[in-house]
Structure formats: structure tokens, C-alpha cells
Amino acid sequence: MSEGEINLKALRKVDPYVKEIVAQCSNVALYNFNSGRAEWEKTEVEGTLFLFKREAEPKYGFTIMNRLNPQNHIEPVTGQLDFQIESPFLLYKNSNGEIRGIWFYSRTECESVGQRMQQLVKEVEQEIEEKSKRLQSRGGNAGNLEFLLKKAEKQKILVEETPQQPTDTGRNLLRLLSQPENIMTNENLMTKLKSKEGNEGTSESVKDFFAMASSSQLRSTPQFGDVVPGVPVLNGVSVASLE
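Note on numbering: residues in each chain are counted from 1, in written sequence order. The model is predicted, so local features are restricted to residues of pLDDT at least 70 and side-chain atom pairs to those at 80 or more, both for listing and for counting; the totals for chains, interfaces and linings are taken over all residues. To obtain the side-chain values, all non-hydrogen atoms of the structure were used and water was disregarded.

Here the focus is the pattern of salt bridges. Each salt bridge in this description consists of a side-chain nitrogen of Lys or Arg and a carboxyl oxygen of Asp or Glu lying within 4 Å of one another. Within the structure shown, the criterion is met by ten salt bridges. Here Glu 39 ties to Arg 37 by a salt bridge, and the two come within 3.5 Å at their closest N and O atoms. Note on classification: 1.4 Å probe, protein chains only; a residue is buried when its accessible area is under 20% of the maximum for its type, exposed when over 50%, partly exposed between these limits. The exposure class of Glu 39 is partly exposed, given its relative accessible area of 33%. Between Glu 41 and Arg 37 there is a salt bridge whose closest N-O contact spans 2.3 Å. Given the relative accessible area of 27%, Glu 41 is considered partly exposed. Connected via shared salt-bridge partners are Arg 37, Glu 39 and Glu 41.

With that settled, the discussion passes to the pairing of strand E4 (residues 73–77). For a regular strand, side chains alternate in direction, first toward one face of the sheet and then toward the other. By the criteria applied, helices consist of DSSP H or I runs no shorter than four residues and strands consist of E runs no shorter than two, each listed in order from the N terminus. In E4, alternate side chains face the same way, and those of His 73, Glu 75 and Val 77 are buried while those of Ile 74 and Pro 76 on the opposite face are not. When strand E3 (residues 60–66) meets E4, the two strands line up antiparallel, connected through five bridges. Residue pairing in the sheet places Gly 61 in a bridge with Pro 76 of E4. Note on pairing: two strands pair once DSSP finds at least 2 bridges between them.

Note on scores: pLDDT gives the predictor's confidence for each residue, bounded by 0 and 100. Confidence in the prediction for the protein chain averages 76 pLDDT; 60% of positions are at 70 or higher. Highest mean pLDDT in the protein chain belongs to strand E7 (residues 99–104) (97); lowest belongs to helix H6 (residues 202–213) (50). Residues count as neighbours in contact if any of their non-hydrogen atoms are within 4.5 Å of one another. Every residue in residues 231–243 is under pLDDT 50, and counting partners more than four places away or in other chains gives 21 contacts.

The criterion for an aromatic pair is that two Phe, Tyr or Trp rings (for Trp, the six-membered ring) have centres within 6.5 Å, with stacked assigned to planes under 30 degrees apart, edge-to-face to planes over 60 apart and tilted to the rest. Applying the stated criterion to the full structure yields five aromatic pairs. Note on Phe 83 and Tyr 92: the rings are 5.7 Å apart at their centroids and 40° apart in plane angle, and the pair reads as tilted. The structure contains a cluster of three or more aromatic residues connected by ring pairs, namely Phe 62, Phe 83 and Tyr 92.

An order of E4-E3-E2-E1-E7-E6-E5 is seen for the seven strands of this open sheet, with the pairing classed as antiparallel. Each of the sheet's edge strands pairs with one partner strand only, and the pair in question is E4 and strand E5 (82–86). Ignoring which end each strand starts from, the neighbouring axes of this sheet average 30° apart. Here an angle of 0 to 180 degrees is reported between the N-to-C directions of two axes, which are lines fitted to C-alpha atoms, with helices fitted over the stretch in contact. Running at roughly 60° to strand E1 (residues 18–34), helix H1 (residues 3–14) makes contact with E1, strand E2 (39–54), E3 and E4 of the sheet.

With 31 residues, helix H2 (residues 107–137) should reach 45 Å at 1.5 Å per residue; the first-to-last C-alpha distance of 45 Å fits that figure. Within H2, burial applies to Cys 110, Val 113, Gly 114, Met 117, Leu 120, Val 121 and Val 124. Residue Ser 106 occupies the N-cap position of H2, its side-chain oxygen lying 3.4 Å from the main-chain nitrogen of Thr 108. For a helix, the expected span equals 1.5 Å multiplied by the residue count minus one. For this analysis, a polar contact is any N or O atom pair within 3.5 Å, provided that within protein one partner can donate a hydrogen and the other can accept it, and provided that sequence-adjacent residues contribute only side-chain to side-chain pairs.

A few words now on the nonpolar core. The nonpolar core is taken to be a set of buried Ala, Val, Leu, Ile, Met, Phe, Trp, Tyr and Cys residues, with the residues joined through side-chain atoms within 4.5 Å. If you look at the biggest cluster of nonpolar residues, it comprises 23 residues, and the most contacted ones within it are Leu 49, Phe 62, Val 77, Phe 83, Ile 102, Phe 104 and Met 117. Counting only elements with at least two residues in this core, the list comes to E1, E2, E3, strand E6 (89–93), E7 and H2. The element best represented in this core is H2, accounting for six residues.

Relative to E2, E1 runs antiparallel, the two sharing twelve bridges. Residue Asn 32 lies in a different strand from E2, and its bridge partner there is Glu 41. Counting the residues between successive antiparallel strands, the hairpin from E1 to E2 contains four residues, one of them, Ala 38, with a positive phi of roughly 55°. As judged from the seven bridges shared by E2 and E3, these two strands associate in the antiparallel manner. In the strand pairing of E3, Leu 51 is matched with Phe 62. Counting the residues that bridge the hairpin from E2 to E3 gives five residues.

Written as C-alpha cells, this is what we have:
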């Protein structure tokens, strides 16, 4: 196993999302700036600095693998990091407003690592800006799952509350049945049956009555979906009373 693979394995024990090592320096020390006393204070963090790429957000970060104690220093590289190279120091301010300085044994390493970190900060800033533009072009919340679910629920409620317009077929059918020439009352039916009874006898008129009553064209209760023009209405219910 190579030295790089050993270092990568050690880093993954600290951060399992480390993908690759971007840069490293063997001898650095961490300082904190005390704003109250306006002076730098050396911390108990010394060791090897690793600048690495991650498989998850934030995309980059760096750590100092501490030789003095098990407390390693880890810092994510974000758009809020502000770097300033003052060789052999690399000064930076993080998103929490903390001002820190990293002392490098080699000035050359200080400048090369400092420049690489500044490039990564710019890269992160550009990616954030591009994501923001994509969201705006989609309407802001287009990629937000919660927004999409709420939008679908609102559309469902709107459809349920929208009154359904009656179909033209139903209106045309009622209009047709309401015309006087298409209405046949029970009185008309009985008159027709009595005329048959006078000509053909009681048995024939009863037979005709049941034949008409059992016909598919006669219903005791009119149904809007299957009423046809010219059908009589039984039991004294007229079409006009259903309108």
C-alpha cells in the first residue's frame, strides 16, 4: 500500500466521505486570533495538513492531523471562507467569524496551498451561483419536493371544488321531453286502452297494457340517461315536475 493510500485511509476514519487528497503539507501549526487582546495565540494543534475532495456537500475541506493530541482540526471549504496569504502564514476567516492562521514550515508550500484553497473557494462560489440561476429559471421552487406536493394538493382541491357543468345531452333531452307533443299522461294512456277495449275486448286491452308496461320504452321513474322522445310517463309524474 502506497503512502497516499495510507493517508487516504487515515482521513476516511475522520471523514468517511473523503474522496481524494488534493494537496498536503507535512509541518503546519494552527493559531487563533484573540480580538479582545488583538494578538495571535498558538493552539495545541500541529501536524500534517490535508486538503481533500469529498463525495458529499461541502465538496472540499481541509484538516490538520494533530500530532500533539487526538483533537484534529477540520474546516470545510465554503464560499464564506476568506483567505489571505502572508507567508509563512495562511490567514483565513470562516463562516462563524473566527479568524485563524496556519503557520507553514515551508514558504513555498504556504503559497501553493494558499492559492489552491483560494481557487477552490471561487469554484464553490461559482457552483452556488449556477445552482441559484437554475432554480430561478425553473420558477424558484421547481426542484423542491415539498413545494411540488403542496402544488399537487392545491390542484386536487381546486378540481374538486369546481362545479361540474351539466352536459348538453341532458339539457337537450329535458327540452325535448318538455314539448307538449311528446308528453303522454295516464289519462291519455287509459283513453287509448279503453278505445282498444271497446274494439277488441277486456282481455286484449289488459294484455296490451302489460305488454306496454313491460316494454323497454316504459319506466315508472324517468331516467335522464336513457329516456327517449315520445315515451309516456306513468304514475301521474309529468316531465315538467322533474325540471
